[in-house]
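Chain by chain, the residues:
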Amino acid sequence: MKKGENDKKKGLPVWALVILCVAAALLVTIAAGYGYIQSKLGKINRTQDQTALAPEEEYFETGETLEESLDTISQEDVEWDSDAYTFSREDVTNILLIGQDSSDEEERTRSDSMIIVSVNKKKGKVALTSLMRDMYVQIPGYSDNRLNAAYAFGGMELLDETIEKNFAIDIDGNIEVNFDGFEAVIDAVGGVDIELNSAEVSHLNKKHSTWHLKVGMNHLDGEKALEYARIRKVGDGDFERTDRQRRVLTAVFDEMKNISITRLIALADELFPLLTTDMDNGEIIRLGINVLSMDLDTLETYRIPCDDAYDEVRVFARDGTAMDVLIPDLDLNRSYFYQNIYINP
């Protein structure tokens with residue numbers, strides 16, 4: 001046997017060595033990138049064990065009158081449609097955005113806004129569905145009450161259970177931000193462009209004498225965007241209010257589309273500490289990959305209850321509290337969500 005033949009048999013070909021080196025370099029890069037992403041996501045606040053209010057301590061709140069004269073009904077006389085099969089598909093993820101009606105110093109209160117972000121990977125679309133806070137619903141373990149009471153009584157978990165029981169919608173995760181965080185998010189993306197009508201301009205400028213907003217398109221910073229999103233006494237009450245909230249989120253989405261990757265990474269340090277979620281890092285990463293893989297130009301927007309699928313009434317709670325609420329037709333609203341989120345292209 002000639003010298004070197006064993007060496008040739010034992011040694012790896014040059015091309016194999018190159019592939020191994022490249023593979024090793026890629027693994028190191030991926031590991032470093034994954035670790036970097038994990039460190040960023042670690043800035044998001046995580047929910048701890050959320051204490052629930054004892055059922056005997058539940059309470060009811062008198063809301064603003066939706067109309068001058070409403071039909072009245074006792075709490076025990078409200079009839080509900082039977083429970084339905086919960087909508088759930090692997091290619092659709094429903095994330096609930098919760099705007100908490102508080103600042104950093106306060107404890108958990110009622111949820112001021114609730115918007116379901118539905119990511120349909122198969123159809124390549126993202127939809128925003130507002131849940132009106134004054135809907136009168138069944139809250140598991142408690143008396144029937146407004147939807148926003150579920151969050152105050154039992155946090156994200158009870159709110160998710162309430163949404164599933166009434167509307168048969170499976171919530172895969174929750175993200176919460178309070179008012180301070182909302183303002184900071186808007187400011188972090190550089191503000192948003194919102195078109196204001198005359199009634200909105202009059203209301204905002206009257207409330208803040210130093211503001212000089214005009215009818216038409218305005219660039220709003222965090223403080224102004226929050227005031228705009230919370231307007232309730234202008235137009236059609238909470239119906240237009242939820243529409244304003246969706247407009248603000250859509251405007252944030254439009255701003256984010258034009259931000260560079262470098263700036264997005266920097267924004268993570270500013271925005272993530274303002275959020276609280278019950279999702280783990282793996283769930284967030286998978287959701288982000290799904291959204292980034294879509295060629296999104298616009299967000300679809302919806303509202304529950306949908307038109308002609310609710311009654312405006314005054315319900316008297318068991319303690320005598322008069323609540324002006326919307327009683328949703330559960331079957332119609334379940335079908336509305338299913339058709340728009342799961343079926344329609």
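Structure: above.
Every value quoted in this text rests on a predicted model; they were computed, and no experiment measured them.

Caption draft 1: Representation of helix H6 (residues 222-230) in the model. Where burial is concerned, most of H6 is hidden: seven out of the nine residues are buried. Residues of H6 that are buried include every one of Gly222, Lys224, Ala225, Leu226, Glu227, Tyr228 and Ala229, and no others. Of the surrounding elements, those touching the buried residues of H6 are helix H4 (179-188), strand S9 (192-196), helix H5 (198-207), strand S10 (216-220) and helix H7 (237-257). Its side-chain oxygen at 3.3 Å from the backbone nitrogen of Glu223, Asp221 defines the N-terminal cap of H6.

Caption draft 2: Up close: the side chain of Asp112. One can find Asp112 in strand S4 (residues 111-120). At 2.6 Å, the side chain of Asp112 and the side chain of Arg133 are in polar contact.

Caption draft 3: The pairing of strand S5 (residues 125-131), seen in detail. Within S5, seven of the seven residues are buried, which leaves it mostly tucked inside the rest of the structure. Alternating residues of S5 divide into Lys125, Ala127, Thr129 and Leu131 and Val126, Leu128 and Ser130, and every residue in both groups is buried. Between the end of S4 and the start of S5, which pair antiparallel, lie four residues, with Gly124 showing a positive phi angle near 65°. Bridge count between S5 and strand S12 (residues 300-304): five bridges; the pairing is parallel. Of the residues in S12, the one forming a bridge with Leu128 is Thr301.

Caption draft 4: Expanded view of the sheet that holds S5. Taken together, the seven strands give an open sheet; going across it, the order is S1-S11-S8-S3-S4-S5-S12, and neighbouring strands pair in mixed fashion. Sheet topology places strand S1 (45-46) and S12 at the edges, where each strand pairs with a single neighbour. Alignment of strand S3 (residues 92-100) against S4, held across nine bridges, turns out to be antiparallel. When the sheet's bridge partners are listed, Gly99 is paired in S4 with Ser113. Against the sheet, helix H3 (residues 147-167) contacts S3, S4, S5, strand S8 (173-178), strand S11 (276-277) and S12, and its axis sits at roughly 150° relative to S3.

Caption draft 5: Seen up close, the pairing of S8. With five of six residues buried, S8 is to be regarded as a mostly interior element. In this sheet, S8 lies alongside S3 in parallel orientation, the contact comprising six bridges. Residue pairing for S8: Leu97 is matched across the bridge by Ile175. Note: S8 against S11, two bridges, orientation antiparallel. Bridge assignment links Ile175 to a residue of S11, and that residue is Thr277.

Caption draft 6: Inspection of the packing of aromatic side chains at higher detail. In the structure shown here, the tally under the stated rule is nine aromatic pairs. On the basis of an interplanar angle of 35° and a centroid distance of 5.2 Å, the ring pair of Tyr142 and Phe153 is categorised as tilted. Of the two residues, Tyr142 is situated in the loop between strand S6 (136-137) and strand S7 (145-146) and Phe153 in helix H3; the sequence distance between them amounts to eleven residues. We classify Tyr142 as buried; its relative accessible area is 15%. A relative accessible area of 0% means that Phe153 is categorised as buried. Judged by centre distance (6.2 Å) and plane angle (65°), the ring pair of Phe337 and Tyr342 falls under edge-to-face.

Caption draft 7: Highlighting the environment of Met132. Residue placement: Met132 occurs in the loop between S5 and S6. Under the relative-accessibility criterion, Met132 is labelled buried at 1%. Through-space distance from the C-alpha of Met132 to that of Ile304 is 6.4 Å; in sequence the pair is 172 residues apart. When neighbours within four sequence positions are excluded, Met132 is seen to be in contact with Leu147, Asp238, Phe239, Thr242, Arg303, Ile304, Pro305 and Leu326.

Caption draft 8: How the structure looks around the sheet that holds strand S14 (residues 322-328). The strand order across the open sheet formed by three strands is S2-S13-S14, and the pairing between neighbours is mixed. The open sheet has two edge strands with one neighbour each: strand S2 (71-74) and S14. Going from strand to strand, the sheet's axes swing by 45° on average, the running direction of each strand aside. In the sheet, strand S13 (residues 310-316) pairs with S14 via seven bridges, with the strands oriented antiparallel. In the strand pairing of S14, Val313 is matched with Val325.

What counts as what
- Residues numbered from 1 in each chain as written.
- Predicted model: local features only at pLDDT ≥ 70, side-chain atom pairs only at ≥ 80, totals over all residues.
- Heavy atoms only, no water.
- Buried < 20%, exposed > 50% of the residue type's maximum accessible area, 1.4 Å probe, protein only.
- Helix = DSSP H or I, 4+ residues; strand = E, 2+ residues; numbered from the N terminus.
- Contact = heavy atoms within 4.5 Å.
- Polar contact = N/O pair within 3.5 Å; in protein donor to acceptor, adjacent residues only side chain to side chain.
- Pairing = 2+ DSSP bridges.
- Axes fitted to C-alpha atoms, helices over the stretch in contact; angles between N-to-C directions.
- Phe/Tyr/Trp six-rings, centres within 6.5 Å; stacked < 30°, edge-to-face > 60°.

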